[in-house]
Every structure is written in C-alpha cells, then in structure tokens.
Amino acid sequence: MKIYSPALITAKGKVTVGHGANLVWCDILGREERRIGGHVEYFFPAWNHQGKSLDGISKEDLESMINASEENLKKKLGIFGIDQYEEYRDSDSKSRENAQKYFTILKERGFIKHEDGQYFLDIEKITKETNFFKILEGIRFAQGNQIRKRLHNLSFTLNRMYPISKPREFATEIPLENRSYQKINPIFDLAVSPLLFSERTVDYSIDGSRTMLHGTFIPLVIWSGLFNRSFSKNISIHGYALGDSEMDANKFYGRIDAGMLNSDIMRYCAIRCTESFEDKEVNLENILGAKKLLYRALNLSKHILKHHGIQRRELSEEEELKDLVNGMNPSKAIRHFESEIFGTSRKTHHKGVVGRREAIIFLKSINVISSIFPITVRRIEEIVYNGKL
C-alpha cells in the first residue's frame, strides 16, 4: 500500500489536533495493511524544511536549526501514537535529485514554461493534452463529489499558469541553472516525493481542506503531465478541527488526564474532523466522549474475563466495522464502535452478565478497531486473552 499526506511545514513549529487528523488517518490505513501482512510505502515523519523562512541563514546554523525543529515537532507528533515509517526531508539530496528529474521531464514536454525569469506549470496545456478530467472522474473521494467539483473548478481558476519556481536561497536548484536565484517551488518537491518509492500510483492520499491546492490539486496536475494517470486512487480532503483543538497539540493533550489512554483519546479527537469537507468543532466534550468509550470497552473486557474466563484468540473480524475502516470512513467506524459498546454495556447492566454472542462480536470488533485505538486494544487483549487485570 502506498500512502501520501503533505509534509509538515517545520517553519511553523506547531502541530494542532487538526494536523493530527491527516497523520492519524494515514496511520490507521498503514496499521490495518500491516496487520493483514501487507507492506506500506509511506513517509512519516515527512518534513518540509525548504522555503523562504530559512533564506539568509548561514550554513553553519542551518543544520542545527533544522534538527531542533524536527526534535520539537517529533515530541508533539508522538502524542498521537503514530507508527514510524521511512523518514522524508525535502532538503535531502535524494529528494532534490528526484524533483530535478521530474521537473526536467515536464519542461521537455512543454508543460513547464519559462516567462520573465520564472518557471510556471502550464495547467491549461496539461489538462488539454492529457486525460486530466477523465482521471479526476475515476478517483474515489471519501467525502463525495463535492471534492471532485472543487478540484475540477480549480483547474479553471488559477489563471491556467502556476508558479513552479520562486526566488529562494534554501530550495532545490533548477537543473542547469545553478547560479539562478530562482529555485524549484518546494510544493513541487513534495508532489513528486512518492516517486522516491516507485512510479506506481498512490493508493490513498489524505489532505486537509486548507492545503487542498498544493497538497492534492498540484500533485494531480503534475502526475497527469508525467504519466497521464491518477496521482492517487482514493483521496480524502477533510475539514479542520476547530475550537480548543486550534491550540498546540501539547496543550490539548495536557487536558486529557487518562494515563496510558491519552494517545488513543488524541486519535479519537483528531479523527472527528475527517467525516466531511467542513470544519468541525473538537473540544473538551470530545475528550469526555472518548474517555467514556474507551473506559467502557475496557470494563466490558473485564466482564468477559469474569463471566467467560480467558478466551481463545478470535481471528474473525466484525464485517461492517471493517468495511468502514477500509472504506475511508474512520469517523463513522468510531460511531459504529460506540453504538456497539454502549449497546452491549446496557444489556450487561440489565442482565448482570455479558452474553456469549455479544462477547464474540466485541472480540471481532477489537481486531478491526485496533488500528484506531492501538493502546486500548492492547490492554483489552491482555485482559481477555491473558487474564491480566
């Protein structure tokens, strides 16, 4: 499985719960693929260092500033409990060589034009001479046709030419123009970064609505110009988390106070904003909702151990929940799991015992939901399969 999400802009030095939504969703897809024995091609963490913010910094100070930025952001990203994959820096030589290679190909095909000392991506020429619009029709969008329409409209509202070079010091040099102050726009480096793995189409691309232009549209145009095929088979462009989650992730995390479950609760809050293209309020009520769900799931596992003893490992999966996770609907998967857990809890309260059928459904569900709540499920498995309270 090949997954893409725009890199974090390290110059901003901030991660919000809204940022986490991209990364948690990618992590869910990656964990699920690994769980069934598949291989995942995905950059995490992925750093966008190149850009105007580092112009004018001496070479002696540049590396230390980059390392400090990464360390600061890694600590903040760590609170989402995300698996690490291959790391990416747009400032690395391999990334720069990759960008130069595909920049040259597009330039030779006439899809990159040189005007008044600057290079432009000729969107009009690409959309006319490739199957761009047919390609757009063939992509599956998690939030439906409204995203397809927005991307379609973008191709007509960018004045048909997009600046693919900028006056920069710290960015990838344009091939054969080593002395030029114009450098390749870092957006281009990121758009072709999945090609460091292979030229195979990306399986899933996850992006936020506010970065849709450079995180999704530009890669779609570039890949059409390079290969005349889709950048990604499946695309999610979700709204952003608003309210308390606009705070730096560390401050939001400090409000949780749920011990080992903290990162799973951060994942719950992050994924709440991914169901639609519209922004969504995420605040302290979501923290309380996540706590209630995960504590209830842990209590059910203790009831199963009490009434049915240590279980043989359940290998089957709850099919509806699996379809929601694989169908790019993690927020709906959480709601489905909530409905199931609270329903079983009510029955258990009234009967005083967890029914055998409900116990089996619960065990099938945690096999799937483990990609969303890995810490909670690990603890549940210790209880029901090892008898460890």
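For the structure, check the block above.
Here the residue index of a chain counts from 1 through its sequence in written order. The predicted nature of this model means local features are confined to residues of pLDDT at least 70 and side-chain atom pairs, given and counted, to a pLDDT of 80 or more, with totals for whole chains, interfaces and linings taken over all residues. Excluding hydrogens and water, the side-chain figures rest on all heavy atoms present in the structure.

### Describing the overall build of the protein chain
Secondary structure elements follow DSSP: runs of H or I no shorter than four residues count as helices, runs of E no shorter than two count as strands, and numbering proceeds from the N terminus. When helices and strands are tallied, the protein chain shows 15 helices and 14 strands. If one aligns the C-alpha atoms of the protein chain with their principal axes, the spans along those axes are about 80 × 50 × 35 Å. Expressed as a percentage of contacts within the protein chain between residues at least 6 apart in sequence, the contacts between residues at least 24 apart total 78%. Residue-level accessible areas treat just the shown protein chains as cover; the underlying method is Shrake-Rupley with a 1.4 Å probe. For the protein chain, the accessible area works out to roughly 17000 Å², and carbon and sulfur atoms hold 47% of it. Each charge sign in the protein chain was given a centre, from 58 positive and 51 negative side chains, and these centres are 5 Å apart. The contact rule is simple, with two residues in contact once any of their heavy atoms fall within 4.5 Å. By the counting scheme adopted, Arg and Lys are positive, Glu and Asp are negative, and His together with the chain ends is not counted. Charged groups are reduced to one reference atom each: NZ for lysine, CZ for arginine, CG for aspartic acid, CD for glutamic acid.

### Some remarks on the packing of aromatic side chains
Any Phe, Tyr or Trp ring, taking Trp's six-membered ring, that has another such ring centre within 6.5 Å forms a pair; planes under 30 degrees apart are called stacked, those over 60 apart edge-to-face, and the others tilted. Summed over all chains, the structure comprises 14 aromatic pairs. The interplanar angle of 85° and the centroid separation of 5.1 Å between the aromatic rings of Tyr4 and Phe231 together place this pair among those described as edge-to-face. Here Phe231 lies in the loop between α8 (212-227) and β12 (232-238) and Tyr4 lies in strand β1 (residues 3-4), a separation of 227 residues in the sequence. Between buried and exposed lies partly exposed: a residue is buried under 20% and exposed over 50% of the maximum accessible area for its type, with that area taken using a 1.4 Å probe on protein chains only. For Tyr4, a relative accessible area of 5% puts it in the buried group. The class for Phe231 is buried, based on a relative accessible area of 0%. Look at Phe103 and Tyr119: their rings are 5.5 Å apart centre to centre, the planes differ by 75°, and that puts the pair in the edge-to-face class. Of the two residues, Phe103 is situated in helix α3 (residues 93-108) and Tyr119 in strand β6 (residues 118-122); the sequence distance between them amounts to 16 residues. Taken individually, Phe103 and Tyr119 each receive the classification buried, so the pair is uniform in this respect. The rule for a charge over a ring is simple: NZ of Lys or CZ of Arg within 6 Å of the ring centre, and within 35 degrees of the ring normal. Directly above the ring of Phe170 sits Arg96, whose terminal nitrogen or CZ lies 5.3 Å from the centroid. Between Lys292 and the ring centre of Phe342, over which it is positioned, the NZ or CZ distance is 5.5 Å.

### As for the layout of surface pockets
Definitions used throughout: a 1 Å grid over protein atoms alone; a cavity as a set of points that fits a 1.4 Å probe which cannot get out; a pocket as an open set with protein on both sides within 12 Å along at least five of seven lines; a lining residue as one with an atom within 4 Å of a point. Grid points are joined across faces, edges and corners, and a volume is the space filled by probe spheres set on the points. Taken as a whole, the largest pocket encloses approximately 740 Å³ of empty space. Lining the largest pocket are 35 residues, and of these Ala7, Ile9, Lys12, Thr211 and His214 sit closest to its centre. Sorting the residues of the lining of the largest pocket by element identifies β2 (8-9), α1 (17-35), α7 (186-191) and β13 (241-242) as the ones contributing at least two each. With four residues, α1 is the single largest residue contributor to the lining of the largest pocket. Note on residue categories: nonpolar means Ala, Val, Leu, Ile, Met, Phe, Trp, Tyr, Cys or Pro, charged means Asp, Glu, Lys or Arg, and polar means any other residue, Gly included. Residues belonging to the lining of the largest pocket are distributed by class as follows: 13 nonpolar, 14 polar and eight charged. What lines the second largest pocket is Phe43, Glu86, Glu87, Tyr88, Arg89, Asp92, Lys94, Ser95, Leu196 and Phe197. If you list the elements that add at least two residues to the lining of the second largest pocket, you get β4 (86-89) and α3. At four residues, β4 tops the list of elements feeding residues into the lining of the second largest pocket. Of the residues that constitute the lining of the second largest pocket, the class distribution is four nonpolar, one polar and five charged.

### A word on helix α15 (residues 374-386)
Every helix has an expected span of 1.5 Å times one less than the residues it contains. The end-to-end C-alpha distance of α15 is 17 Å, a good match for the 18 Å that 13 residues give at a rise of 1.5 Å each. Three or more residues of α15 are buried, namely Pro374, Thr376, Val377, Arg379, Ile380, Glu381, Ile383, Val384 and Tyr385. Buried residues along α15 sit in contact with α1, α10 (262-271), α11 (284-308) and α14 (356-369). The positive-phi residue at the C-terminal boundary of α15 is Gly387, with phi of around 70°.

### Let's talk about the nonpolar core
Each nonpolar core is a collection of buried residues, namely Ala, Val, Leu, Ile, Met, Phe, Trp, Tyr and Cys, held together in the definition by side-chain atoms within 4.5 Å. Phe80, Ile265, Leu293, Phe362 and Phe373 are the most contacted members of the largest nonpolar core, which totals 70 residues. By residue number, the principal contributor to this core is α11, which donates nine residues. The residues contacting Leu293, other than those within four sequence positions of it, are Tyr268, Ile334, Phe337, Glu338, Ile341, Phe342 and Phe373. Membership of the second largest hydrophobic core comes to 47 residues, among which are Tyr88, Phe111, Ile126 and Leu154.

### What to know about the side chain of His336
Take His336: it is sitting in helix α13 (residues 330-351). Since its relative accessible area comes to 18%, His336 is described here as buried. Leave out the neighbours within four places in its chain, and His336 touches Glu318, Glu320, Leu321 and Leu324.

### What about empty space enclosed by the protein?
Counted by the stated rule, this structure contains three cavities of 30 Å³ or more. In this structure, the largest cavity encloses a volume near 90 Å³. Of all the secondary-structure elements, those providing two or more residues to the lining of the largest cavity are β1 and β3 (43-48). Broken down by class, the residue content of the lining of the largest cavity amounts to 11 nonpolar, two polar and two charged.

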